[in-house]
Amino acid sequence: MSSDAAVGQRSFGETRRIDLWWLQPLLVFAGLGTFLVYSTWAAFQGVHYYFGNYVSPFYSPELFGDSPHSWFGPKPGWWPALLPFSPALFILWAPGGFRLTCYYYRGAYYKAFWADPPACTVGEPRKTYWGERSFPLIMQNVHRYFLYLALGFILILAYDVWKALWFADPANGTKTFGLGVGTLVLAVNVVLLSGYTFGCHSLRHLAGGLLDQFSKSPTCYRTYACVSCFNRRHMLWAWMSLFWVGFTDLYVRLCSMGVWHDLRLL
């Protein structure tokens, strides 16, 4: 009997491993689970998502809403009265879809949430392998299209950092250049999200995956090498950006609620 067949006959959780193999999927489950609960809660609040010139990345771009950051004015009249309204509901599907279909996150939550498999050489709760060739997992193949949206969001969030450098001056009704802790929080968020997005496997393939000889396209090679540099630490960028985007929303939210006070550095 082959070793692969023997592994396939293991019962759920059965293994000869003596290390703490369950620790990593447990931490992934806790980390992703916490973010999913918080981000879902924050998305449905519809309040305390901006503070002066700061706006939460969960709500940017604010297409419709009551804040000064809204692009097209308040809640539209066609919004169903029975449904809760939040500006985040218009846009969070795009960055959420990008992460949900990410090649790294697939491997992470397949193990942590579905135990598929829970770890290497550990028995899983199913005996068949469907792969990603049938519904619903075949939808994971749209990741490359979510990439284009994610690149656009990086530009929008970078513009939010620019807006976060200009503070209202109540004395004369104008805006003056400045720097607050919130400005730095928003800026770090863009840096981490950029590192995660620019290391995307789909972007790496787009930059150089179709080339047989890099020598024929030095520009594509340099782009491919740059994306590969980020891609080598894709897992690290993924977790740091996930934590920081949640913290950025929390920072803006607590400042808006008056729990935290934004410190002006300049």
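Cut-off values and rules
Residues numbered from 1 in each chain as written. Predicted model: local features only at pLDDT ≥ 70, side-chain atom pairs only at ≥ 80, totals over all residues. Heavy atoms only, no water. Helix = DSSP H or I, 4+ residues; strand = E, 2+ residues; numbered from the N terminus. Buried < 20%, exposed > 50% of the residue type's maximum accessible area, 1.4 Å probe, protein only. Areas by Shrake-Rupley, 256 points an atom, 1.4 Å probe, with all protein chains shown as cover. Lys, Arg positive; Asp, Glu negative; His and termini not counted. Charge placed at Lys NZ, Arg CZ, Asp CG, Glu CD. Core = buried A, V, L, I, M, F, W, Y, C linked by side-chain atoms within 4.5 Å. Contact = heavy atoms within 4.5 Å. 1 Å grid on protein atoms, 1.4 Å probe; cavity = no way out; pocket = protein on both sides within 12 Å on 5 of 7 lines; lining within 4 Å. Points joined across faces, edges and corners; volume = space filled by probe spheres on them. Nonpolar A, V, L, I, M, F, W, Y, C, P; charged D, E, K, R; others polar. Axes fitted to C-alpha atoms, helices over the stretch in contact; angles between N-to-C directions. Parallel < 35°, antiparallel > 145°, perpendicular 65-115°, else oblique. Salt bridge = Lys/Arg side-chain N within 4 Å of Asp/Glu carboxyl O. Polar contact = N/O pair within 3.5 Å; in protein donor to acceptor, adjacent residues only side chain to side chain. Phe/Tyr/Trp six-rings, centres within 6.5 Å; stacked < 30°, edge-to-face > 60°.

I tried to follow the overall build of the chain on my own but got confused; where do I start?
Broken down by element type, the chain carries nine helices and four strands. A principal-axis box enclosing the C-alpha atoms of the chain has dimensions of 80 × 55 × 40 Å. Buried residues in the chain amount to 40% of all 266 residues. Of the accessible surface of the chain, which amounts to about 15,600 Å², a share of 68% is contributed by carbon and sulfur atoms. Computing the positive centroid from 20 side-chain charges and the negative centroid from 13, the chain places the two 6 Å apart.

I keep staring at the nonpolar core and nothing clicks. Help me out?
Generally speaking, soluble globular proteins have nonpolar side chains that are buried together. By size, the foremost hydrophobic cluster in this structure holds 31 residues, and its most contacted members are Leu32, Phe58, Phe98, Tyr104, Tyr105 and Tyr196. Those elements that place two or more of their residues in this core are helix H2 (23–45), helix H4 (103–114), helix H5 (143–163), helix H6 (181–198) and helix H9 (234–257). With six residues, the top contributor of residues to this core is H4. Contact partners of Tyr105, with chain neighbours within four places excluded, come to Leu32, Arg99, Tyr110, Tyr196, Ala238, Trp239 and Leu242. Tyr54, Leu157, Leu186 and Val190 belong to the second-largest nonpolar core, a separate cluster that totals 10 residues.

Sorry if this is basic, but what is going on with the layout of surface pockets here?
To find the voids left in a structure, one rolls a probe of water-molecule size over its atoms. Volume-wise, the largest pocket comes out at about 790 Å³. Here the residues of the lining of the largest pocket sort into 27 nonpolar, five polar and one charged. In this model, the second largest pocket occupies a volume close to 280 Å³. Every residue lining the second largest pocket is counted, 14 residues in all, and those nearest its centre are Gly52, Asn53, Tyr54, Trp166 and Ala168. Examining the composition of the lining of the second largest pocket, we find that three residues originate from one element, strand E3 (residues 166–169), more than from any other.

Would you explain the packing of H2 against H4 in this entry?
Packed helices, taken two at a time, are described by their axes: the angle between them and the distance between them. Two elements in contact, H2 and H4, have axes separated by 8 Å at closest approach and are oriented at 105°. The pairing of H2 with H4 is recorded here as roughly perpendicular in orientation. Across from Pro25, Val28, Phe29, Leu32 and Gly33 in H2, the residues of H4 making contact are Tyr105, Ala108, Tyr109, Lys111, Ala112 and Phe113.

It is not clear to me how the pattern of salt bridges should be interpreted in this structure. Could you clarify?
Two side chains that carry opposite charge are able to pair once their charged atoms sit near each other. Here the structure, examined in full by the defined rule, presents four salt bridges. Its salt-bridge partner being Asp249, residue Arg253 comes within 3.4 Å of it at the nearest N-O pair. In this pair, Arg253 and Asp249 both sit in helix H9, four residues apart, roughly one turn of the helix. Each member of the pair, Arg253 together with Asp249, is buried.

Whenever I open this one, empty space enclosed by the protein confuses me. Can you help?
Applying the stated criterion across every chain, the model contains one cavity of 30 Å³ or more. Its boundaries defined by the atoms lining it, the largest cavity holds a volume of some 30 Å³. Lining the largest cavity, in full, are Val55, Pro57, Leu157, Asp160, Leu186, Asn189 and Val190. The greatest single-element share of the lining of the largest cavity, amounting to three residues, is contributed by H6. A class-by-class count of the residues in the lining of the largest cavity yields five nonpolar, one polar and one charged.

Where do I start with the side chain of Asp249 in this structure?
Judged by relative accessible area, Asp249 falls into the buried class, the value being 0%. Leaving out residues up to four positions away in the same chain, Asp249 has contacts with Tyr38, Ala42, Ser56, Pro57, Phe58 and Tyr59.

What exactly am I supposed to notice about the side chain of Ser228 here?
Following the sequence through the fold, Ser228 ends up in helix H8 (residues 218–231). At a separation of 2.9 Å, a polar atom in the side chain of Ser228 contacts the side chain of Arg204.

I would appreciate a short explanation of the packing of aromatic side chains in the present structure.
The description of an aromatic ring pair rests on the distance of the ring centres and on the angle between the ring planes. Going through the model one piece at a time under the given rule, you end up with 36 aromatic pairs. For the ring pair Tyr49 and Tyr50, a centre distance of 5.3 Å and an interplane angle of 65° mean the geometry is edge-to-face. By relative accessible area, Tyr49 is classed as buried at 4%. Judged by centre distance (5.5 Å) and plane angle (65°), the ring pair of Phe98 and Tyr196 falls under edge-to-face. With Phe98 in helix H3 (residues 93–100) and Tyr196 in helix H6, this pair connects stretches of sequence that are 98 residues apart. Tyr196 shares its class with Phe98; the two are buried. Counting every residue linked through ring pairs, the aromatic cluster contains Phe64, Trp71, Phe72, Trp78, Trp79, Phe85 and Phe90.

Shape descriptors only; they carry no functional weight alone.
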